[in-house]
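Geometric and topological summary
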Amino acid sequence: MNSVTDLKILVADDNRSDRMILKAIVRREGHQVIEAENGHEAVTMYDQFQPDIILMDALMPVMNGLEATRLIKSRAGGELIPIIFLTSLQDAHSLAECLESGGDDFMSKPYSQVILKAKIKAFSRMRVMHAQLEAHNKQMVLEQQVAKAVFDNVAHSGCLDLPNIRYSLSPMAVFNGDTVLAERKPDGSLVLFLGDFTGHGLPAAIGAMPLAEIFYGMVAKGFSIEEVLREVNSRLYSILPTEVFCCAAMVELNLYGKSLRAWVGGVPDLYLHQQQSSQIQKIRSDSLPLGVLEPHAFNPRVTEWPMANGDRIFLWSDGIVEAENTEGEFFGEPRLEALFNGTDSEALFDLILFEVERFSSGVGHSDDITLLTAAMVDIETLGMPRFDASRGAIGGPLDWRMSLELGPQSLKAFNPLPMILNTLVEVEGLRSHSGELYTLISELYSNALEHGVLRLDSKQKASADGFARYYNQREQRLSALESGQVTFRLGHSPEAEGGRLTIELEDSGPGFDYAKANRSADTPSVHYGGRGMALVEKLCDQLQYEGKGNRVTAVFRWPRLESR
Amino acid sequence: MSVSAIAGDKNNEMTIRITGRFDFSSHQEFRQIYENASPDIKHYVIDMSETTYLDSSALGMLLLLRDHAGGDNADIRIRHCNEDVKKILTISNFGQLFKIE
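This is a predicted model, so every value here is computed, not measured.

A few words on the overall build of chain B. Within chain B one finds three helices and six strands. The order of helices and strands in chain B, counted from the N terminus, is β-β-α-β-β-α-β-α-β. The globule rule puts the C-alpha radius of gyration for 101 residues at 13 Å, and the 12 Å found for chain B is close to it. When its C-alpha atoms are laid out on the principal axes, chain B stretches across 35 × 25 × 20 Å. Counting across all 101 residues of chain B, residues that qualify as buried make up 31%. For chain B, restricting intrachain contacts to residue pairs at least 6 apart in sequence, the fraction spanning at least 24 positions comes to 68%.

In structure tokens, the structure reads:
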């Protein structure tokens, strides 16, 4: 970068004596002079010498100063090359034309030497500032690239590439504060997250990293979405300044139970599109965004919805509803809702993007649109998730027994499944079966808790109304619970080849007539619920009810036979 | 966009009126108004009758004011919101933190 003196100044004038005078003035100021006799030569000299400032005559033969200015400015691109017109023209129209062609200033002949010198100084200061700005900007782009690379490593892509998920997110979305995440739970359930941090740039991006880390870590270990949300809220609350928070939604698709659990805090209503009826069910935001409430005041309320294969859940940030057209009008909810009318569920995603883009065409920031959708499918379509099997000692503990008794306080507030699963996968042979084991213990545990301790009737879940009622009752009875317990008794023993895991659960409930239930087990179940036991039987080698039906033992042997 | 302060009926009350879009560009102005106000002010009214729109940065500013006004003990009423503004406050459930009238 040149300093204010010692600049390269191009003087373009067809009048030789004018050129000489200019040259003398400029040289006296300590600058170097390059001369051109017409516009064409000025462009050539620009290319060859890259001057710092150009003094340009407007009227010249071969190519006039206006045309030369246009060419030079387009070649300079982002770099600032100040061009000062020195002209005998006097009328306002001609002078304005000099500026319109790209000139930065003009002086009418005969010009004052003092003013010319002052202008050269002023423009050279401007060049220095411009160069500093450019350098800062370059530095910022570089920093953003590094930050984005780090973020991509932390957030990786999770399982957003699954065939039943579609999403739209600008590549630099992290810098407008939008985040989309997806991960499988060990039982195969699919958990989706869409978040929108307040603000723009690095302040908006910074919270996304701990958020992604907590999300992936906890979901893969089998924590419930309430637990993940609590942890995310408390972390964001402690690290972010007051005015930065995250509007978000988190949903879990249970592929076995064909249901959806949803939490919405500060993003527009989620739409649950039912393929069969082509109806939409809106799931409203009923919570404050993440990072606003103190940890002890944050109580995520999750709603449950039945879902059939082919039904789709849609999550979005306010970018869609607030997409503006050239008149400054919002795309708005009525337009969005109308798109769902009679549209095939598969085509909805593309239609929404297409229509929003068309609406806001000519406005030019349609890449702010963040949209995420997932369809309910059978678990076979996705397969079971594979988790890292490369940790822990070889072999692990092979001969052990443990038991865990949960009283009413624990049943209310604690999810024992991640802890138990983490213990089980210490046995190396069980590690690659964490998905099946998680499903097994979670089905047995929810039976013991819901049908045993809380005495809920699974037949209720057969209808959509009953489904909601069931989960309302579950919540009410659980929060009113004063007595009762569930006991886990786990044991593992080595066998000639592999090992044998026994899982026994006993609850304080009244039990049930399992002999009778066995006889009617041939009837295929068409209910939303009631699938649990058939699934559990498929997953283990032996399943046996004992006592009055309040105790169940499942045996799981490894290595698993290929046929299974 | 402009932010202006009006003394309330009682001398420990202050009304902040926001005209036009309430977004990041009002940050400085909004903050200065409540930070320069007399320490006796205990009650705040945000008058949104002239507010056309607010974005998430504006929600953040409201949280800053809430902190300044005593956090959980803050007395802040948000008045005369138009439908768009009310919708944004409803979606983000700010009714749990502010009195929206």
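We now examine the sheet that holds strand E13 (residues 303–306) of chain A. Residues and elements named next belong to chain A. Taken together, the five strands give an open sheet; going across it, the order is E7-E8-E9-E10-E13, and neighbouring strands pair in antiparallel fashion. The two strands at the open ends of the sheet, each matched to only one other strand, are strand E7 (178–184) and E13. Between one strand axis and the next, the sheet turns through 15 degrees on average, direction left out of account. Inspection of the sheet shows E7 paired to strand E8 (residues 190–197) by seven bridges, in the antiparallel sense. Bridge pairing in E8 places Glu183 opposite Val191. Strands E7, E8 and strand E9 (246–254) of the sheet are contacted by helix H7 (residues 208–220), whose axis makes an angle of about 15 degrees with E7. Sheet contacts for helix H8 (residues 225–239): E8, E9 and strand E10 (259–265); angle to E9, the most-contacted strand, approximately 160 degrees.

All names here are of chain A. Bridging between strand E16 (residues 400–406) and strand E17 (residues 486–494) involves seven bridges; their strand directions are antiparallel. Looking across to E17, one finds that Glu405 is bridged to Thr487. Here E17 pairs with strand E18 (residues 499–507) via nine bridges, running antiparallel. Bridge pairing links Ser493 to Arg500 in E18. Between E17 and E18, which pair antiparallel in sequence order, lie four residues; one of them, Gly498, sits at a positive phi of approximately 80 degrees.

It is worth spelling out unusual backbone geometry at this point. The residue A:Arg455 is not glycine, and still its phi comes out positive at about 55 degrees. Along the chain, the position of A:Arg455 falls in the loop between helix H15 (434–453) and helix H16 (464–479). Classification of A:Arg455 as exposed rests on a count of 12 C-beta atoms within 10 Å. One non-glycine residue with positive phi stands out, namely B:His80, at about 55 degrees. With respect to the helices, strands and loops of the structure, B:His80 is situated in the loop between strand E5 (75–79) and helix H3 (83–91). Of the residues examined, B:His80 has 15 C-beta atoms within 10 Å and is grouped as partly exposed.

In this assembly, 16 residues from chain A lie in contact with twelve residues from chain B. The class makeup of the residues in the side of chain A that touches chain B is seven nonpolar, seven polar and two charged.

Split into domains, chain A comes out as domain 1 (8–132), domain 2 (156–382) and domain 3 (400–558). Between the C-alpha centres of domain 1 of chain A and domain 3 of chain A the distance comes to 84 Å.

Residues and elements named next belong to chain A. Taken across its five residues, strand E15 (residues 371–375) has five buried, putting it largely inside the fold. In this sheet, E15 lies alongside strand E14 (residues 312–316) in antiparallel orientation, the contact comprising five bridges. Its bridge partner being in E15, Trp316 is matched across the sheet by Leu371.

If you look at soluble globular proteins, the nonpolar side chains tend to sit buried side by side. Residues and elements named next belong to chain A. Ranked by size, the top nonpolar core spans 96 residues in total, and within it Leu192, Phe215, Ala249, Leu270 and Leu315 carry the most contacts. Each residue touching Leu192, except ones within four places of it in the same chain, is listed here: Ala182, Val251, Leu315, Leu372 and Ala374. Membership of the second largest hydrophobic core comes to 31 residues, among which are Leu411, Tyr445, Leu449 and Val486.

The next subject is the confidence of the model for chain A. Per-residue pLDDT for chain A averages 87, and the proportion of residues at 70 or more is 92%. Here residues 522–529 of chain A is a poorly scored stretch, pLDDT under 50, and it has 14 contacts once near neighbours within four places are set aside; other chains count.

Attention shifts here to the confidence of the model for chain B. In regions of low pLDDT, the predicted coordinates are not meant to be interpreted in detail. Residue and element names in this part refer to chain B. Across chain B, pLDDT averages 88, with 97% of residues at or above 70. Taking the mean pLDDT of every element in chain B, the minimum, 78, falls on strand E1 (residues 2–7) and the maximum, 94, on E5. In the model output, the complex is listed with pTM 0.71 alongside ipTM 0.86.

Thresholds applied
- Residues numbered from 1 in each chain as written.
- Chains lettered and ligands numbered in written order.
- Predicted model: local features only at pLDDT ≥ 70, side-chain atom pairs only at ≥ 80, totals over all residues.
- Helix = DSSP H or I, 4+ residues; strand = E, 2+ residues; numbered from the N terminus.
- Rg over C-alpha atoms; globule rule 2.2 N^0.38 Å.
- Buried ≥ 20, exposed ≤ 12 C-beta atoms within 10 Å, placed from the backbone.
- Contact = placed C-beta atoms within 7 Å.
- Pairing = 2+ DSSP bridges.
- Axes fitted to C-alpha atoms, helices over the stretch in contact; angles between N-to-C directions.
- Nonpolar A, V, L, I, M, F, W, Y, C, P; charged D, E, K, R; others polar.
- Domains from an automatic or database assignment.
- Core = buried A, V, L, I, M, F, W, Y, C linked by C-beta atoms within 7 Å.
- pLDDT = per-residue confidence, 0-100.

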